[in-house]
Amino acid sequence: MPSAESAIGVSVSKRLDGIDLLRGLAIFFVLMNHVNIRLLGAKVFYTKFLPAQLVHILVWNAQLGVQMFFAVSGFLITSITIRRWGSLSQVRLGGFYLFRFARIAPLLLLLLLVLCGLHFAHVHNYVVSAKTGGIGRALLAALTVHVNELEIHRGYLPGNWDVLWSLSVEEMFYLFFPVVCLLFAGDKLFGRGKAFVAVLCAFVVLGPFGRTVFAHGSEIAQEYSYLGGMEGISLGCLTALIVSRKRFSRPALRVLGIGGATIVAASLIFSWQAYRGWLGSTGLNFTVLGIGTCMFIAASAQTQWRSPRVLAPLLRIGRYSYEVYLTHMFVVYTFFGVFLNAGKPMRLVPILFVVTILIAGLLGAALANLYSEPMNRFLRSKSGSASSRLASIRVACDPNRLRDGTVAPF
């Protein structure tokens, strides 16, 4: 009996360079920002001789990077769900949650175990203060996906805990995603699935309000709110639905690819101007970036765009973005401590950035290959699904042959 892939005319599948590149860019900006914050906190004003525009591009785009993460995540999960079960309306709750648990939980639980040990050992930079609720409250928030809400009401947690805010937004979305699919999704995008599309569009519309009106002036809420992040995930979901059902012409794909890349580049290059202007005041700067990101995703998915070799480092770190994201603060704190002990020499600042990014990438790759992926496969083997890798990012070479709402593996 032919496999599901051969039955829909898929002869070859491969990773999407466009997806890996976007995730690589995102984690790069996060790393640059977190090193920068520690330098400024130590009164190392290394930027005073650099062009302000260049500084904003390199070290102040972390939040925009996370928005790109969200859009990519929405696209991948929706595509994989359709591929695995044929249509969103056929998704199985147990299977969906098992696959999410197998991918997310092993590294997250290990991280929380290490962080609790460092807290009780009173290691600097790892102690959760009573002001934010203490270690028990932080642990509860991490396990019940509301670290973002805890920080909105209690203030920032230590760096390794703080990064979990985005995971809380993402996993809260996916907690209800299969339920909404079963209730509202259909086999046709504009048939019985209208209600599902309407739910996603509602999140897109509410996103800017989540970053402005509903934030009530709180800087943390402007960045960490559920609505603000779920907008990007919803845009990714909508993109996956469209790509799975419509094959764009070559000219249209060129417009999507170039247009999307231009919007993403402009959003990152002129992020400070956008933030200070009407786009930032209305919260639409993130919406524009999300739309550009999804345009680029759609084009790269259907053209199987191959990245130039010069971008290989970004692609590599993008493939391990989850592991790098969850663990990079260990590297940041370690090498920043070395930098402080050396007397904060200005000449070592560029080396600090480079070494931190390099070691964080290597640590993420090691954890992925030696722990996350083996645990992922082990947990899925318990359900008889070891051969299906949710973490893979793949696309069919012939999307035009897809039928019955099925997409090839991503």
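Residues numbered from 1 in each chain as written. Predicted model: local features only at pLDDT ≥ 70, side-chain atom pairs only at ≥ 80, totals over all residues. Heavy atoms only, no water.

Trainee: Teacher, can you tell me more about a nonpolar patch on the surface here?
Mentor: Where nonpolar side chains cluster on the molecular surface, the patch consists of Leu93, Val179, Leu182, Leu183 and Phe184 and spans about 410 Å² of accessible area. Among the elements that take part in the nonpolar patch, helix H9 (residues 164-184) stands out by supplying 4 residues, more than any other. Among the secondary structure elements, Leu183 is positioned in helix H9. (Patch = residues over 30% accessible without salt bridge, like charges linked within 9 Å, V, L, I, M, F, W, Y side chains within 5 Å. Areas by Shrake-Rupley, 256 points an atom, 1.4 Å probe, with all protein chains shown as cover. Salt bridge = Lys/Arg side-chain N within 4 Å of Asp/Glu carboxyl O. Helix = DSSP H or I, 4+ residues; strand = E, 2+ residues; numbered from the N terminus.)

Trainee: What is the right way to look at the nonpolar core in this model?
Mentor: Within soluble globular proteins, side chains that are nonpolar generally end up buried alongside one another. Ranked by size, the top nonpolar core spans 92 residues in total, and within it Leu39, Trp161, Leu164, Phe177 and Phe196 carry the most contacts. It is helix H18 (residues 321-341) that provides the largest number of residues to this core, a total of 11 residues. Not counting the four nearest positions on each side in its chain, Leu164 is found in contact with Leu108, Leu111, Leu112, Ala142, Val147 and Leu326. With 27 residues, the next largest nonpolar core counts Phe75, Leu256, Phe286 and Met295 among its residues. (Core = buried A, V, L, I, M, F, W, Y, C linked by side-chain atoms within 4.5 Å. Buried < 20%, exposed > 50% of the residue type's maximum accessible area, 1.4 Å probe, protein only. Contact = heavy atoms within 4.5 Å.)

Trainee: How do you make sense of the layout of surface pockets when you look at a structure like this?
Mentor: Once rolled over the atoms, a probe with the size of a water molecule shows which space is left empty. Its boundaries defined by the atoms lining it, the largest pocket holds a volume of some 1,100 Å³. In terms of lining residues, the largest pocket is bounded by 40 residues, among which Asn33, Trp60, Gln63, Glu219 and Glu223 are the most central. Ranked by residue count, the leading element in the lining of the largest pocket is helix H2 (residues 17-41), at 5 residues. Counted by class, the lining of the largest pocket contains 22 nonpolar, 13 polar and 5 charged residues. (1 Å grid on protein atoms, 1.4 Å probe; cavity = no way out; pocket = protein on both sides within 12 Å on 5 of 7 lines; lining within 4 Å. Points joined across faces, edges and corners; volume = space filled by probe spheres on them. Nonpolar A, V, L, I, M, F, W, Y, C, P; charged D, E, K, R; others polar.)

Trainee: What exactly am I supposed to notice about the packing of aromatic side chains here?
Mentor: For any pair of aromatic rings, the description consists of the separation of the ring centres together with the inter-plane angle of the planes. What the rule picks out here adds up to 20 aromatic pairs. Both rings, one in Phe28 and one in Phe29, keep their centres 5.4 Å apart while their planes meet at 65°; by these two values the pair is edge-to-face. Since its relative accessible area comes to 23%, Phe28 is described here as partly exposed. Centroid distance Trp165 to Tyr224: 4.3 Å. Interplanar angle 10°. Geometry classified as stacked. With a gap of 59 residues between them, Trp165 in helix H9 and Tyr224 in helix H11 (residues 219-224) connect regions that are remote in the sequence. Every member of this aromatic cluster is reached through a ring pair, and the members are Phe96, Tyr97, Phe173, Tyr174, Phe177, Phe196 and Phe203. Across the ring face of Trp85, the terminal group of Arg84 is positioned such that the distance to the ring centre comes to 5.6 Å. (Phe/Tyr/Trp six-rings, centres within 6.5 Å; stacked < 30°, edge-to-face > 60°. Lys NZ or Arg CZ within 6 Å of the ring centre and 35° of its normal.)

Trainee: When you look at the packing of H18 against helix H19 (residues 349-381) in this model, what are you seeing that I'm missing?
Mentor: Contact geometry of H18 with H19 gives a least axis separation of 8 Å together with a crossing angle of 140°. The angle between H18 and H19 falls in the class oblique. Between H18 and H19 lies a crossing of right-handed hand. Counting all contacts with H18, which are made through Glu323, Val324, Thr327, His328, Val331, Val332, Phe335, Phe336 and Phe339, the residues of H19 involved are Val349, Leu352, Val355, Thr356, Ile359, Ala360, Gly361, Leu363, Gly364, Leu367, Ala368 and Ser372. Split by residue class, the contact of H18 with H19 holds 14 nonpolar, 6 polar and 1 charged. (Axes fitted to C-alpha atoms, helices over the stretch in contact; angles between N-to-C directions. Parallel < 35°, antiparallel > 145°, perpendicular 65-115°, else oblique. Left-handed = near helix turned anticlockwise from the far one by under 90°.)

Trainee: Got a minute to help me understand the environment of Pro106 in this structure?
Mentor: Position of Pro106 among the secondary structure elements: in helix H5 (residues 93-120). For Pro106, a relative accessible area of 6% translates into the label buried. Residues Pro106 and Asn376 lie 270 residues apart in sequence; the distance between their C-alpha atoms is 7.6 Å. Pro106 has contacts with Phe101, Tyr371, Met375 and Leu379, leaving out every residue within four places of it along the chain.

Trainee: Any chance you could explain unusual backbone geometry here in plain terms?
Mentor: Among all residues except glycine, the phi angle is most often negative; among peptide bonds, the trans geometry is most common. Backbone geometry at His122 places phi at a positive 60°, although glycine is not the residue there. Along the chain, His122 falls in the loop between H5 and helix H6 (134-143). You will see that His216, though not glycine, has its phi angle at about 50°, which is positive. Assignment of secondary structure puts His216 in the loop between helix H10 (194-211) and H11. Take His216: its relative accessible area is 72%, and that puts it in the exposed class.

Trainee: What exactly am I supposed to notice about the pattern of salt bridges here?
Mentor: As a working rule, side chains carrying opposite charge can pair if their charged atoms are close by. In the structure shown here, the tally under the stated rule is 8 salt bridges. Across the salt bridge formed by Asp20 and Arg15, the nearest N and O atoms sit 3.1 Å from each other. On the accessibility criterion, Asp20 (0% relative accessible area) is buried. With a relative accessible area of 25%, Arg15 lands in the partly exposed category. With its nearest N and O atoms 3.8 Å apart, the salt bridge here joins Glu170 to Arg100. Note that Glu170 is positioned in helix H9 and Arg100 in helix H5, a separation of 70 residues in sequence. Relative accessible area serves as the criterion here: at 9%, Arg100 is assigned to the buried category. Among the charged side chains, a salt-bridge network with shared partners connects Arg15, Asp20 and Arg319.

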